[in-house]
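# Geometric and topological summary
Spelled out from the first residue to the last, the chains are:
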Amino acid sequence: MANESYYWSLVETQGAEFLALFRLLLVWLVLALPAQAQSLFPAAPENASAASDQGAAATLVDILRDDIAREALIRQLESAAAEATTETTTATTAPTDAAAPPSEMSLARTIAEYTRGTAEGITSIGFELIGATQLLFGAFAGGPAVNWTEIGDAFMSLVLVGAVTIVLFWVLRAIGTRVFDRMGRRAHGAGWPMVLAQITGASLIDTAIILLAWQGGYAFALIMGEAGSMDFRQSLFLNAFLLVEIGKVVLRAALSPRFASLRLVPMSSETAAYWYFWSSRLISLLGYGLLLVVPIVNAAVSFGVGHSLGVLIALTALLIAILIVLQNRAPVARALRARHERMPNDLIGRVEAFFAGFWHWLAIAYLVALFTVWTTRPAEALPFMLRSTLHSVIAVVVGIAIMALISRAIVGGMRLPEDVRRNLPLLEERLNAFVPTILKVVRIIVAVAVVIAIAQAWQVMDFLGWVATEFGRNLLGRLISAALVILIAMAIWLAVSSFIEYRLNPVVGSIPTVRERTLLALFRNAFTVALIIIATMLTLSELGVNIAPLLAGAGVLGLAIGFGAQKLVQDIITGAFIQFENAMNEGDVVTAGGTTGVVEKLTIRSVGLRDLSGTYHLIPFSSVDMVSNFMKGFAYHVAEVGVAYRENVTEVKALMMKASDILMAGELGDEVLEPLDIQGVTALGDSAVMVRGRIKTRPGMQWAVGRAFNEIIKEVLDEAGVEIPFPHMTVYMGQDKDGSAPPLNLRRSGPADHRPAITGAVAGEAAATAGAATEGAAQDGVQAPSADTESPRDRAAAIERQLPTNSEAEDE
C-alpha cells in the first residue's frame, strides 16, 4: 500500500516540473510572435498575393481529392522531372574535358564539409521550429480555414469508443491485478528462472488484456457505425491505444511499480514508480499526439499545420525528457559509482564510475540526436535510431566483455605448466612482465574500436568508407605491419632469452661452465641491443619513413662518437679483448682497477665488482690495466707460522703436518687438492722465526681453507706448548754494581691507611700483561721472581699468586 500511495502521489508532486516546461514553451512562443505578427499584419500589396495563394491552394486541394485529376497531375510532374533530369545530365557532362572534379577529398576538406553540413542542419532545424510555431499559431488566428465540423465529428466519434475501450481496459486490469499479485507472491524469494518465468507470464497476461480491450473497442465501433463500418478517426485512436499500451507493457515488465517481485530491473519501489510515471507519460504524449492528434489536424486544418503540431509535440517530449535527466543527475551518478565503491577492481564498476560524472550529457545528446533525426528525416527516424542504438549497445557490450577478459588476464597473470616452470624458471615472470603491457595496449585499441563503431552507427564518421580509400588502406596496412613487426621482435626475444635461460639452468641438461655463463649473458645483451635496433628500423620503414638517411646518419654519428668518445671506444675494445682472453667471468674473485671483489655483472664496456664490505664498484675497462683472477684452475693458501726463537723448527714442522692431517680429515678436506707443502724457514724476524707452508685448494676455497687451518694450528701449538710470539715490553728499574736490582715499592690503590708498602727486587723482562696486572696491585713483602730462571709469563703468574685477596686486605 505504501508503494501504491507513493505511485499515485507522484502526479501531485510534479507540478514544479510542468511549470518549468510551461515556462519554456511560453518563451518559445514569445520568440516566435514577432515573425507571426508580420504574417498576421502584412502590407497591402502582399494581401493580394496571399489571396491568390489561398485560391491556388483551394484549387490544388480539389485536384488532390479527385482521383482522375490527381493521376493526371502526377503524370505531368513525372514527365517534367524526366525532362529536367535529361537537361541536367547534358549540362553536367559537357565540361568534363575542361575540369574533372577530384575523386577524393583531403582530410581537412572532409572535416570542413562535415562541419558545414552540421551547421546548416542545425540552422534548418531552428528555422523549421520557428516556422512550425508560426504556422500553428496562424492556423488558429486567421490563417487557413479550420474545419470545426470535422473536429467536432472527430471528438464525438472518439468519445464513445475511447470511453468504452478505456473502461473495458480498466476492468480487465483490475482483474489482472489480482493475478499479478498472486504471481508476485509466488516469485518472492524464488530463483531467477522462476522470477523470469513469472515476469514473462505477467507480461503475456498484460498484453492479452490490452488486446481484449482493443478488440472490444473495435467491436463497439463497428456496432455503432453504419452498415458495419467505422470512422477512420476511431481506427486511429484504437491503433494508438494498442501501440501505447504495448509500450507500457515493456515498461511494466522492466520497472513494475506495484509488484517488486515482478521487477526485472533491480531498484527500489519508489524509484521504479518515479521512472514508470514519467516514461509512461512520454509514451502517451508521443503515441497519442503523433498517431492520433496530428492525423486529425491534418484532415481538419492542413498538412502543414499537422506537421508543425507534430514538431511541437516532439519538442515538448524532448524538453520533458531533458528535465527528467537533469533532475536525476545526482541519484544516477551515485548509483553508477556504487558498484565501483563495493568492488574497486571490477572493470564494469570502473566503467560505470567513469560515466557517472557526465552520463547526463550523453543522455541529453542522445535525446537531441533522436529529435534531430526525426525532424530532418521523419520517415527514417525510428528505424535509424533503433538500428544505431542497437549497434551502439552491441559495440559497448562486446567491448566491455573483451576488456573484462583482458583485465582478468592482466590481474590473474599467466600460469605455465609445472614442467615448463622447472625448465624455464624465468619464462613465467618474463611473460607476466610483457603480456600485461600488450594486453593494456589491446584494451586501448578495443576502446577506440568501440568509439569508432558507435560513430559509424550514428553516421558521425564513415570509417568504413575511409578505409576503402587508398589512403585509408595504406595507413591501416602500415599500422598493422608495424604492430606485427613489434610482436614478432618480442617473440624472437622471448625465444632467445628462454633458450639462454634453459642452457644456463643447472637443473636440466649439463651444468654450464663459468665461461659459458659469461658468454651467454653477453650474447643476450648484445642480441637485445641488435634486435631493438633492427625492429626499430623495420617499424619505421613500415610506417613509411625512409630509413636510408637514418642509416647514413647513424654511420656519421658512429664516426663522430668514435672521435669524441674515445674512452667509450676504449672501454668496448678492452672489454672485447678481456672476453676473448677469458680474463674473468661472472662469479670470479678478481682485482681490477685496484679493487678486489666478486664479479657480479660483466658487460662489453664495464665490470661490476662487489667487495668484502658489500660495496658495489662499477669499473670501466678503460681504467683496467691489469686483471688478477683468484679463481683460475686452483689456488694456494700460504700459511706463515711464527714461533719463538727458543722453539725447535723441526718440531714446529711436525706440528704443522699434524694440523694439515686434521684439516684433511675435516669438512673442507675435499676442497684440498694436495697435502701441505712445507717450504721451511722463510724469515728470522725481530721476535719470531717464520715457517712457511702452502696448501693447494680448489679455486675460491683458499680463504675458507686458510681460516680453518689457522684455527687448527693454533690449537696444536698451544697443546704442544710452543710459544707463538707476541709484542713484549722490557722495564728496567735500575741496577746496582753487584748486579742486583733495587726493591720495587708496590702499593694497593685505596684509602691512605690501608695502603701497606712492600719491597722486592724485580729484574729482567716483565710482560705487558704481567705489568698490567701488577700496576693495580698492592702487596705486602712480595718478592718478584728472578729473570734468570723464569719466563715473563711464569713471573707474572708467580706475582699474581703472591698478591693478597680482597678479603685478606680488608682483614688487614
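In what follows, the structure referred to is the one given above.
Residues numbered from 1 in each chain as written. Predicted model: local features only at pLDDT ≥ 70, side-chain atom pairs only at ≥ 80, totals over all residues. Heavy atoms only, no water.

Attention now moves to the overall build of the chain. Looking only at helices and strands, the chain has 26 helices and 8 strands in total. Burial status across the chain gives 31% buried among its 812 residues. Contacts in the chain between residues at least 24 apart in sequence constitute 65% of all its contacts with a sequence separation of at least 6. (Helix = DSSP H or I, 4+ residues; strand = E, 2+ residues; numbered from the N terminus. Buried < 20%, exposed > 50% of the residue type's maximum accessible area, 1.4 Å probe, protein only. Contact = heavy atoms within 4.5 Å.)

Turning our attention to the pairing of strand 1 (residues 589-592). Of the two faces of strand 1, the one lined by Val589 and Thr591 and the one lined by Val590 and Ala592 are each fully buried. Where strand 1 lies against strand 2 (residues 595-602), 4 bridges are found, and the strand directions are antiparallel. Residue pairing for strand 2: Val590 is matched across the bridge by Gly597. Counting the residues that bridge the hairpin from strand 1 to strand 2 gives 2 residues, and of these Gly593 lies at a positive phi of roughly 65°. Sheet topology note: the strand 1/strand 5 (residues 627-629) ladder contains 3 bridges and is antiparallel. Paired with Ala592 across the strands is Val627, a residue of strand 5. (Pairing = 2+ DSSP bridges.)

Below, the discussion takes up the pattern of salt bridges. The full count for this structure, using the stated rule, is 11 salt bridges. Of the charged contacts in the structure, one is a salt bridge between Asp206 and Arg173, with a shortest N-O distance of 3.1 Å. On the criterion of sequence distance, the pair formed by Asp206 in helix 7 (residues 192-224) and Arg173 in helix 6 (residues 148-187) is long-range, its members being 33 residues apart. Arg173 carries the same exposure label as Asp206, and that label is buried. Lys714 is paired through a salt bridge with Asp718; the nearest N and O atoms lie 2.2 Å apart. Pair noted here: Lys714 and Asp718 are both in helix 23 (residues 702-720), with a separation of 4 residues, about one helical turn. Take Asp718: its relative accessible area is 42%, and that puts it in the partly exposed class. (Salt bridge = Lys/Arg side-chain N within 4 Å of Asp/Glu carboxyl O.)

Compared with the 22 Å implied by 1.5 Å per residue over 16 residues, the 23 Å span of helix 22 (residues 649-664) between its first and last C-alpha is a close match. Within helix 22, burial applies to Val652, Leu655, Met656, Ala659, Ser660 and Leu663. The arc that holds every buried residue of helix 22, seen down its axis, measures 145°, which confines them to one face. Looking at the packing, one finds that the buried side of helix 22 touches strand 6 (635-643), strand 7 (677-684), strand 8 (689-697) and helix 23. Its side-chain oxygen placed 3.1 Å from the backbone nitrogen of Thr650, Asn648 serves as the N-cap of helix 22. (Expected span 1.5 Å × (residues − 1). Arc of directions from axis to C-beta. Polar contact = N/O pair within 3.5 Å; in protein donor to acceptor, adjacent residues only side chain to side chain.)

Applying the stated criterion across every chain, the model contains 15 aromatic pairs. Each ring, one from Trp466 and one from Phe471, has its centre 6.3 Å from the other, and the planes form 75°; the classification is edge-to-face. Following the ring pairs from residue to residue traces out a cluster consisting of Phe169, Phe237, Phe241 and Tyr288. The ring centre of Tyr636 lies 3.7 Å from the NZ or CZ of Arg694, which sits over that ring. For the cation-ring pair, Lys696 lies above Phe634, with the distance from its terminal atom to the ring centre recorded as 4.2 Å. (Phe/Tyr/Trp six-rings, centres within 6.5 Å; stacked < 30°, edge-to-face > 60°. Lys NZ or Arg CZ within 6 Å of the ring centre and 35° of its normal.)

Once that is clear, we can look at the environment of Ala708. Along the chain, Ala708 falls in helix 23. Under the relative-accessibility criterion, Ala708 is labelled buried at 19%. Placed 41 residues apart in sequence, Ala708 and Glu667 show a C-alpha to C-alpha distance of 9.6 Å. Ignoring any residue separated from it by four or fewer positions in sequence, one finds Ala708 in contact with Leu663 and Leu668.

Okay, the sheet that holds strand 7 next. Spatially, 3 strands are ordered 6-8-7 in an open sheet, and the strand pairing comes out antiparallel. Because the sheet does not close on itself, it has two edges, and the strands there are strand 6 and strand 7. This sheet shows a mean twist of 25° between the axes of neighbouring strands, independent of strand direction. Inspection of the sheet shows strand 6 paired to strand 8 by 9 bridges, in the antiparallel sense. Within strand 8, the position partnered with Ala635 by the bridge is Thr697. Across the face of the sheet, helix 22 comes into contact with strand 6, strand 7 and strand 8 while running at roughly 25° to strand 8. Against the sheet, helix 23 makes contact with strand 6 and strand 8, and its axis sits at roughly 25° relative to strand 6, the strand it touches most. (Axes fitted to C-alpha atoms, helices over the stretch in contact; angles between N-to-C directions.)

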